[in-house]
Every structure is written in C-alpha cells, then in structure tokens.
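Here are the chains, one letter per residue:
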Amino acid sequence: MARENEAEDLKRKREDYAVQLRKKQKEEMFRAKRTTLSDAKPQGATADPAQQVPLAAAAQQMPTIATQRIGGDQAMGGSTGPQDDALIDVPIEHVLQAAETMPLSEFIVQVQRINFKQSDFQKLNHLIYEPSEAKIIFATIGFRRLLSQERNPPIQQVIDANLVPRFLHFLTIAESPKLQFEAAWCLTNLASGNNDQVMVLIDKGAVKALVQLLRSPQIDVVEQAIWGLGNIAGDSHKIRDNVINEGAIQPIADILDKSAPGSSLIRNASWTLSNLCRGRPAPTFSKVARALPSLTKVLIENDLEDILIDVCWAMSYLSDGGDERIPSILETGVLHRLVQLLRHHQIAISVPCLRTIGNIVTGNDQQTQLVIEAGALDALNELVYNKKKTVRKEVCWTLSNITAGSAEQIQQCLEMGIIDKLIQILQLDDNEIKKEAVWAVSNCTASATFHQFTALVERGIIKALVQTLKMQEPRVLAVALEGLDNILKSGEEHFRRSGHENKFALVLENDGGLEQIEQLQLHANHQIYQRALKILENYFQAENDGINLDNGGSVADTTTTGGNGGPKFLF
C-alpha cells in the first residue's frame, strides 16, 4: 500500500515541527547563547554554537539545530585574549594616547583587554569616522564587543546610527584584514536580531559583500564571513534563498573541500551550509546540490560530534523532497556512513541519519534494496525498541517504506523478526508511535505472497490491526482497514479456490474484528463507513444471510495456537 500524498503530509508535518526556522521569541532564545568570553577562536567564542536546542518539552526528545550563532570575542590569528573577568576598565582617551607611540599590532592586543561599556557608544561612533586606522579598528572592536553582550546588545542603536554601511565599507579594505574581520563580526552579530533588523543588512547589500569576502586569502576573515552568512540565512526561508541566489553555496562548498578534517573552518562552513539547506519551503534542489559531495566528504572524514550534527541534519534536509534527490544522495557514496551513524549514541546525530535513510527508502524498490544491502535493517532492528519515543517513531516511519516494497524485502523483515516487533509496538506502545507502526504493519500486506500472509497472521497481525480500529482517527482507521482488506482478500482467493472457508476471516472474527468493523459503519467519516461496509459485504455476507459456516465457524477447528498468540494454520 503506497503512502503517496498521505505520507508526504505526515513527513512534512513532523519536519516542520522539528526543524523549522525559528524566529518566535528569538531574543529570549539567543540571550543564553550570547557571550563575552575571551578573544579566542570563532569556534570557541560562542556560549553554545552547535548546541541542539530542544523544542517545548524537548519535542519528544527531538533535538534541533541553532539557526544563528552569536560570537563572543576572538583575536585575529587565533591569539588568546583575557576572559571577561580579566578585562580592565580604563578611559578610552588613555588607550588612544598609546596608539600614537606603539605599533598597530601591539595596540590591537592592548585594545582586546578593554572592558567596553554601553556608555562608550557615542565615543566609538565618533572614532569610527576618524582617518586613523588605529582609531577605526579600536572603534570597530568596541562595537563588536558591545554587540556580543549577553543582554540587550545595541543592535537597533547601531542600525539607527547608520553604522551598517560603515562596516560594509570596511569589508572592502583588503589591506587591513583585521578591520575586515572585526567588521564582518559586527555584521554577524547584527544578523542575530529580529527580521526587520536583518532586512536592513539585506537592503544595504551585506549578503553580496560577505559572499565576496569568501575570496579573501585570510582564513580568519573567510571563516567570519561564512559565520555571518549562516546567521543571515537562519532568519527565514526568503532570506535563506537570497543568500543562495547571491552564490554562497559554491565557494563555501569549495572551502569545505580544501579544509582539514576537524578544523573550525569545517565546523562553521558545515553549519552555514546546513542553514542554507533547511526550512520550509525547501530551497530549489538544483541550487543547493553542489553542497552534497562536500558534505559527504566531511561526514566520512570527521568524527567530531558538533560537526557530525550539522552535516547529518544538512543531509536530512537535502534528501527530503522530490524523487530526483534520491539518486543524487546515493551517487555521493554516503550511504554506508549514514547507516554506520544510525547507531551513534548522540540522538542529534542518529535521528537526522534515520531521516535521511527514511527519505531514501521512499524511492523505488531498487533504491530501497541499496539501503538494505548497506546494512540498514540490522541497525533499524536494533533501534525499533529504542527508549526514546522520537527514535521509535522515526524507525517505524522508515520501516513502513521498506515494508511497502517487494515481497523479497518483506521476507527479509520477517526473517529478522522486525515484523514481530512492529506488531508488538502496534499493540503496546504509545498512540503516537502506533500511528506510524500501523503504516509499517499494514504496508506488509501490499506485496506479500500468500505464504507471507500466513506467516503474518500467525504472528498476530490481524489482532494488532483489529486493536487499532479502536483509535477512531480516520487516517489510522483507513490504513488498518486496508491492511485487513488485503489479508482477507488473499485468504478469500486461496481458501475459496481450494474449497475451504476463508480462515483469515475466521481469525478476524475470533479476534473481535467483525464487531469492530460493524461498529465502524456508524463512524462519522463517510470513507471509513464505506471501507467497513466493503469488508462486511465481501467477506462476511454469510453471517448476514444466516448461512452457517463449516465446522460451526470455530477457529479452533482449523488452527492451533501460534507461538506469538496468533493462529497456527494446518494444511
């Protein structure tokens, strides 16, 4: 039974819930991520740059990735500066006097030690227009520090002072990479503001300027530009598309290809590409497909969890969409690595891999078989009883698209005991999990052979589907009724042809299914009523006509008890 549009609706609903671009209460959400830590490298500057931010009540333990990062302080070239508690309070005038007597590089080191305050804003605003390079860099560092404040950074005040064009101008001064770097950082933190504030950056040309900065020979400058683009792209899907259309994907992917495994550049570039691939509506695949081989390379070469988190989520976004995406994913050679990571202890890694595998098996039987041959069934069999509801739900969804495959693929699931576990989940698990498990169980009936139907009935599939009829949700009922119809149809064709009663129908009646289906004739949903009526008319007309079944219609006369509570058929 193909899931088609219903499946797409279900996946889209879960995807939007778990990984949508988040702007609601963003000031509060990012307040905890702002930092005024040391002048360390970009990757160490944020309070929690790759932290998986959970949804309300952890959204059933589903992690999500921060769409924006707010940088703390760092020094050009990676030198380590003082922690906040080691910063010194000194009048700006005293520091500026030193600029006249010491080399610029030494002066910059001293500036990193200053504890800038909100009261310094006007002085900094004046200095940033001075002709002295030292004073301009001093002021830009000061604004960067103010914008990195944990609480109430002066984003709007900086915008109102018309400083965005000034920062953008600094990006063009290649002779002063330190100034480029600090200006890019100011823009990065400005991009953590609300939508109106981010739109100011867009309108002033920040995206184009940052994309051009990706060509800089200075690695730190490039990394900060990447970070800024990631922050801007995290605002909304429209702004994300603006960043994509300005040509950000190609140079960032090229940078990934050349960067050393585990480096901070890999980390930030992977995170930015993840932001460029996420969101609803999804970006046009042809515009982001260049990221696939580069992300695959990173996924295979890296074991650092924060990098894996970003890349695995990016893969899940890229795989979610039309059928044209599946061959592109498979051609990268990433499949075995994804299967390997299904067993990762970090849910923020295993879940996106699970989703990517699940997206691939929505394809044809040949594509699904490649997933099976990569060892996915073994991993899914281990995960199906996972203690986390999120994982069990995703596993059931993935398996539902495998059990909808060929008879050979159904047989593999039977032989590995996966079907037994799914039937048990359908009977005993939480209702939210049952809603996915019913697809996985019912889909077995679409392509099963008669012998497989017999095995399924012996494992208790009818009893499990009958119990599902009590849930009353129309979509769940429709799936369960279609599975029962497929089972009864197979029994009718086989048993009637050999002159016997439909033993599958007898099992259904013995499990209380006939009564449940009769009650569904009163269901408010007309389609459920029609499905129930169809089953009654096709397979239970004898009862309605008062005709006695052979042997009194007792299941015990034709079967024995199976090992899993289902009947054991005697032929």
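This is a predicted model, so every value here is computed, not measured.

What counts as what
Residues numbered from 1 in each chain as written. Predicted model: local features only at pLDDT ≥ 70, side-chain atom pairs only at ≥ 80, totals over all residues. Heavy atoms only, no water. Helix = DSSP H or I, 4+ residues; strand = E, 2+ residues; numbered from the N terminus. Contact = heavy atoms within 4.5 Å. Areas by Shrake-Rupley, 256 points an atom, 1.4 Å probe, with all protein chains shown as cover. Phe/Tyr/Trp six-rings, centres within 6.5 Å; stacked < 30°, edge-to-face > 60°. Buried < 20%, exposed > 50% of the residue type's maximum accessible area, 1.4 Å probe, protein only. Lys NZ or Arg CZ within 6 Å of the ring centre and 35° of its normal. Polar contact = N/O pair within 3.5 Å; in protein donor to acceptor, adjacent residues only side chain to side chain. Salt bridge = Lys/Arg side-chain N within 4 Å of Asp/Glu carboxyl O. Expected span 1.5 Å × (residues − 1). Core = buried A, V, L, I, M, F, W, Y, C linked by side-chain atoms within 4.5 Å. UniProt positions renumbered as here; feature names shortened; annotations may be inferred.

(A) Spatial organisation of the overall build of the protein. When helices and strands are tallied, the protein shows 36 helices and two strands. Taking all contacts inside the protein whose residues are at least 6 apart in sequence as the whole, residues at least 24 apart take part in 75%. Working note: accessible area of the protein is about 23000 Å², and carbon and sulfur atoms make up 48% of it.

(B) Quick peek at the packing of aromatic side chains. The final tally for this structure, using the stated rule, is ten aromatic pairs. Ring centres of Phe-143 and Phe-167 lie 6.2 Å apart, and the angle between their planes is 75°; this geometry places the pair in the edge-to-face category. Separated by 24 residues along the polypeptide, Phe-143 in helix 8 (residues 133-147) and Phe-167 in helix 10 (residues 164-171) bring together distant segments of the chain. Overall, the relative accessible area of 0% leaves Phe-143 in the buried class. Where Phe-495 meets Phe-504, the ring centres are 5.2 Å apart and the plane angle is 90°; that geometry is what we call edge-to-face. For the residue pair Phe-495 and Phe-504, the accessibility class agrees, reading buried in each case. Among the aromatic side chains, those forming a connected cluster through ring pairs are Phe-107, Phe-116 and Phe-138. Cation over ring: Arg-144 sits above Trp-185, and NZ or CZ is 5.0 Å from the ring centre.

(C) Expanded view of the side chain of Asn-359. Within the secondary structure, Asn-359 is located in helix 23 (residues 347-360). Using a relative accessible area of 6% as the deciding quantity, one classes Asn-359 as buried. In terms of polar contacts, Asn-359 uses its side chain to reach the backbone carbonyl oxygen of Ser-316, at 3.5 Å.

(D) Summary view of the pattern of salt bridges. Evaluation of the coordinates by the stated rule reveals 21 salt bridges. Ionic pairing is found between Asp-303 and Arg-337, a salt bridge with its closest N-O pair at 3.0 Å. With Asp-303 in the loop between helix 19 (291-301) and helix 20 (305-319) and Arg-337 in helix 22 (residues 335-341), the pair connects residues that are 34 residues apart, well separated along the chain. Here Arg-531 ties to Glu-482 by a salt bridge, and the two come within 3.5 Å at their closest N and O atoms. Of the two residues, Arg-531 is situated in helix 35 (residues 526-539) and Glu-482 in helix 32 (residues 474-497); the sequence distance between them amounts to 49 residues. Classification of Arg-531 as partly exposed rests on a relative accessible area of 32%. Via salt bridges that share partners, Lys-393, Glu-432, Lys-435 and Glu-473 belong to a single interconnected network.

(E) How the structure looks around helix 11 (residues 177-190). Between its terminal C-alpha atoms helix 11 stretches 20 Å, which fits the 20 Å expected from 14 residues at 1.5 Å a residue. Counting buried residues in helix 11 gives 13 out of 14 residues, a clear majority hidden from the surface.

(F) Local environment of the nonpolar core. By size, the foremost hydrophobic cluster in this structure holds 168 residues, and its most contacted members are Phe-138, Phe-143, Phe-167, Leu-190, Ile-232 and Ile-462. Dropping the residues within four chain positions of it, Phe-167 is found in contact with Ile-128, Thr-140, Phe-143, Val-158, Ala-183, Cys-186, Leu-187 and Leu-190.

(G) Here's a closer look at the UniProt feature "repeat: ARM" (unreviewed entry) in the protein. The feature "repeat: ARM" (unreviewed entry), as annotated in UniProt, sits at residues 205-233 and 247-276 in this numbering. Taken end to end, residues 205-233 comprises 79% helix and 0% strand; its first and last C-alpha atoms sit 14 Å apart. In the segment residues 247-276, helix accounts for 77% and strand for 0%; the C-alpha atoms at its two ends are 11 Å apart.

(H) Highlighting the environment of Met-416. Position of Met-416 relative to the elements: it lies in the loop between helix 27 (407-415) and helix 28 (418-428). Accessibility expressed as a relative area gives 27% for Met-416, which makes it partly exposed. Sequence-wise, Met-416 and Asn-381 are 35 residues apart; in three dimensions their C-alpha atoms are separated by 7.8 Å. Every residue in contact with Met-416, bar those within four places of it in the chain, is listed here: Leu-377, Asp-378 and Asn-381.

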